[in-house]
Amino acid sequence: MAGPVQLWDGRWVFAALEDGLPTFRWGGAPSGVATRRQLRARGLRPGGQQPVAQIKWRRGRRWAGLYRLDLAMACRVPSPAQRAALGAALAARRRCRACVRDAGYVVPRSTGLCGDCTDSAGPIGAVGSARVSGNAFERENIWAAPSAA
Ligand SMILES: [Zn+2]
(Lines give C-alpha, C1' and ligand atoms only; values in the text may rest on other atoms or scores of the structure.)
Protein backbone atom coordinates (compact mmCIF):
# COMPACT_ATOMS: atom_id res chain seq x y z
CA MET A 1 0.00 0.00 0.00
CA ALA A 2 3.05 2.22 -0.24
CA GLY A 3 2.99 5.22 -2.51
CA PRO A 4 3.98 8.87 -2.70
CA VAL A 5 3.18 10.53 0.60
CA GLN A 6 3.66 14.18 1.48
CA LEU A 7 5.46 14.90 4.73
CA TRP A 8 4.71 17.66 7.24
CA ASP A 9 7.33 19.89 5.62
CA GLY A 10 6.11 19.40 2.05
CA ARG A 11 8.63 16.74 1.04
CA TRP A 12 7.29 13.83 -0.96
CA VAL A 13 8.52 10.39 -0.02
CA PHE A 14 7.63 6.85 -0.92
CA ALA A 15 5.92 5.44 2.16
CA ALA A 16 2.79 3.74 3.39
CA LEU A 17 -0.08 5.75 4.84
CA GLU A 18 -1.41 3.96 7.90
CA ASP A 19 -3.57 5.33 10.69
CA GLY A 20 -3.49 8.60 8.76
CA LEU A 21 0.26 8.93 9.15
CA PRO A 22 3.20 8.42 6.81
CA THR A 23 4.53 5.07 8.01
CA PHE A 24 8.10 3.92 7.79
CA ARG A 25 9.96 0.78 8.63
CA TRP A 26 12.57 0.70 11.41
CA GLY A 27 15.52 2.78 10.29
CA GLY A 28 13.64 4.26 7.33
CA ALA A 29 12.32 7.40 9.01
CA PRO A 30 12.95 10.70 7.24
CA SER A 31 15.25 13.34 8.67
CA GLY A 32 13.90 15.95 11.04
CA VAL A 33 11.83 13.63 13.21
CA ALA A 34 12.56 11.38 16.17
CA THR A 35 10.72 8.98 18.43
CA ARG A 36 9.86 9.96 21.99
CA ARG A 37 12.72 7.77 23.15
CA GLN A 38 15.19 9.36 20.74
CA LEU A 39 14.06 12.81 21.88
CA ARG A 40 14.62 11.79 25.48
CA ALA A 41 18.18 10.73 24.69
CA ARG A 42 18.82 14.28 23.44
CA GLY A 43 17.23 15.87 26.50
CA LEU A 44 14.10 16.79 24.51
CA ARG A 45 10.37 16.05 24.75
CA PRO A 46 7.59 16.32 22.15
CA GLY A 47 6.18 19.37 23.93
CA GLY A 48 2.50 18.81 23.20
CA GLN A 49 2.81 18.21 19.45
CA GLN A 50 1.13 15.24 17.78
CA PRO A 51 3.25 12.73 15.84
CA VAL A 52 3.61 13.68 12.17
CA ALA A 53 4.65 10.18 11.11
CA GLN A 54 5.26 6.79 12.63
CA ILE A 55 7.56 3.82 12.39
CA LYS A 56 6.34 0.26 12.61
CA TRP A 57 8.35 -2.85 13.14
CA ARG A 58 7.78 -6.50 13.97
CA ARG A 59 5.23 -6.68 11.13
CA GLY A 60 3.33 -3.71 12.48
CA ARG A 61 2.88 -5.08 15.97
CA ARG A 62 5.19 -2.43 17.41
CA TRP A 63 4.98 1.19 16.46
CA ALA A 64 6.31 4.54 17.64
CA GLY A 65 5.22 8.07 16.80
CA LEU A 66 7.70 10.38 15.12
CA TYR A 67 7.83 13.95 16.39
CA ARG A 68 9.26 17.02 14.73
CA LEU A 69 12.66 17.99 16.09
CA ASP A 70 12.04 21.66 15.28
CA LEU A 71 9.00 21.68 17.60
CA ALA A 72 10.57 19.58 20.36
CA MET A 73 11.25 21.28 23.66
CA ALA A 74 13.95 20.85 26.26
CA CYS A 75 13.18 18.54 29.16
CA ARG A 76 12.46 20.52 32.29
CA VAL A 77 13.08 17.60 34.61
CA PRO A 78 16.28 15.54 34.34
CA SER A 79 15.71 11.85 33.64
CA PRO A 80 16.30 9.38 36.50
CA ALA A 81 19.61 8.42 34.87
CA GLN A 82 20.70 12.06 34.62
CA ARG A 83 19.67 12.66 38.24
CA ALA A 84 21.64 9.63 39.39
CA ALA A 85 24.74 10.81 37.53
CA LEU A 86 24.44 14.28 39.03
CA GLY A 87 23.94 12.85 42.51
CA ALA A 88 26.96 10.56 42.14
CA ALA A 89 29.15 13.42 40.94
CA LEU A 90 28.09 15.58 43.85
CA ALA A 91 28.59 12.75 46.35
CA ALA A 92 32.13 12.22 44.99
CA ARG A 93 32.94 15.88 45.58
CA ARG A 94 31.72 15.61 49.18
CA ARG A 95 33.74 12.48 49.96
CA CYS A 96 36.86 12.92 52.03
CA ARG A 97 39.74 10.94 50.53
CA ALA A 98 41.21 10.14 53.95
CA CYS A 99 38.24 8.90 55.97
CA VAL A 100 36.07 8.11 52.88
CA ARG A 101 33.03 9.64 54.55
CA ASP A 102 30.48 11.96 53.02
CA ALA A 103 31.56 15.20 54.69
CA GLY A 104 28.11 16.72 54.13
CA TYR A 105 29.64 19.54 52.08
CA VAL A 106 31.95 19.77 49.08
CA VAL A 107 35.47 19.22 50.39
CA PRO A 108 38.22 21.58 49.12
CA ARG A 109 39.66 20.29 45.86
CA SER A 110 43.20 21.28 46.93
CA THR A 111 43.29 18.77 49.78
CA GLY A 112 40.31 16.46 49.19
CA LEU A 113 39.99 16.26 52.97
CA CYS A 114 37.09 16.97 55.28
CA GLY A 115 37.55 19.47 58.10
CA ASP A 116 38.18 16.78 60.71
CA CYS A 117 40.89 15.07 58.67
CA THR A 118 42.58 18.39 57.82
CA ASP A 119 42.70 19.24 61.51
CA SER A 120 44.36 15.91 62.32
CA ALA A 121 46.56 15.76 59.19
CA GLY A 122 49.01 18.43 60.31
CA PRO A 123 50.55 21.13 58.12
CA ILE A 124 50.14 20.55 54.36
CA GLY A 125 50.57 23.17 51.66
CA ALA A 126 48.98 26.57 51.94
CA VAL A 127 46.39 25.43 54.45
CA GLY A 128 49.17 23.96 56.59
CA SER A 129 51.17 27.18 56.71
CA ALA A 130 48.05 29.13 57.66
CA ARG A 131 47.43 26.53 60.33
CA VAL A 132 50.88 26.90 61.77
CA SER A 133 50.81 30.68 61.88
CA GLY A 134 47.10 31.16 62.57
CA ASN A 135 45.03 30.84 65.66
CA ALA A 136 41.88 28.77 66.13
CA PHE A 137 39.68 31.61 64.94
CA GLU A 138 41.55 31.83 61.59
CA ARG A 139 41.31 28.08 61.14
CA GLU A 140 37.55 28.28 61.49
CA ASN A 141 37.43 30.90 58.75
CA ILE A 142 39.64 28.85 56.42
CA TRP A 143 37.07 26.10 56.62
CA ALA A 144 34.09 28.37 56.46
CA ALA A 145 34.97 29.56 52.95
CA PRO A 146 35.15 26.27 50.97
CA SER A 147 32.14 24.68 52.67
CA ALA A 148 29.99 27.70 51.94
CA ALA A 149 30.95 27.65 48.22
ZN1 LIG B 1 37.89 12.99 56.49
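Just so we're clear, the structure is a prediction, and the values are computed from it rather than from any experiment. (Residues numbered from 1 in each chain as written. Predicted model: local features only at pLDDT ≥ 70, side-chain atom pairs only at ≥ 80, totals over all residues.)

Turning our attention to the overall build of the protein. From N to C terminus, the protein includes 5 helices and 8 strands. Sequence-ordered secondary structure for the protein, helices as α and strands as β, is β-β-β-β-α-β-β-β-β-α-α-α-α. When burial is assessed residue by residue, the protein has 15% of its 149 residues classed as buried. A sequence separation of at least 24 residues applies to 39% of the contacts in the protein between residues at least 6 apart. (Helix = DSSP H or I, 4+ residues; strand = E, 2+ residues; numbered from the N terminus. Buried ≥ 20, exposed ≤ 12 C-beta atoms within 10 Å, placed from the backbone. Contact = placed C-beta atoms within 7 Å.)

This next bit is on the confidence of the model for the protein. On average, residues of the protein score 82 in pLDDT, and 81% of them are at 70 or above. A low-confidence stretch, residues 125–149 stays under pLDDT 50, and its non-local contacts, those more than four residues away or across chains, total 16 contacts. (pLDDT = per-residue confidence, 0-100.)

A separate point is the environment of leucine 69. The residue leucine 69 is located in the loop between β7 (62–68) and β8 (73–74) in this model. Judged by the 14 C-beta atoms lying within 10 Å of it, leucine 69 falls in the partly exposed class. Put simply, leucine 69 and arginine 45 are 24 residues apart on the chain and 9.2 Å apart in space, counted from C-alpha to C-alpha. Among all residues touching leucine 69, those that are not within four sequence positions of it are Gly32, Val33 and Ala34.

Further remarks concern the sheet that holds β7. Read from one edge to the other, the open sheet built from 6 strands follows the order β1-β2-β3-β6-β7-β4, with strand pairing classed as mixed. Looking at strand neighbours, the two that pair on one side only are β1 (3–6) and β4 (33–34), the edges of this open sheet. Where strand β3 (residues 21–25) meets strand β6 (residues 53–57), 3 bridges bridge the pair, whose relative direction is parallel. Bridging across to β6, threonine 23 finds its partner in glutamine 54. (Pairing = 2+ DSSP bridges.)

On to the environment of alanine 15, then. Positionally, alanine 15 belongs in strand β2 (residues 12–18). When the 22 C-beta atoms within 10 Å are taken as the criterion, alanine 15 is described as buried. Placed 13 residues apart in sequence, alanine 15 and alanine 2 show a C-alpha to C-alpha distance of 4.9 Å. Contacts of alanine 15, omitting those with residues within four sequence positions, involve Ala2, Val5, Pro22, Thr23 and Phe24.

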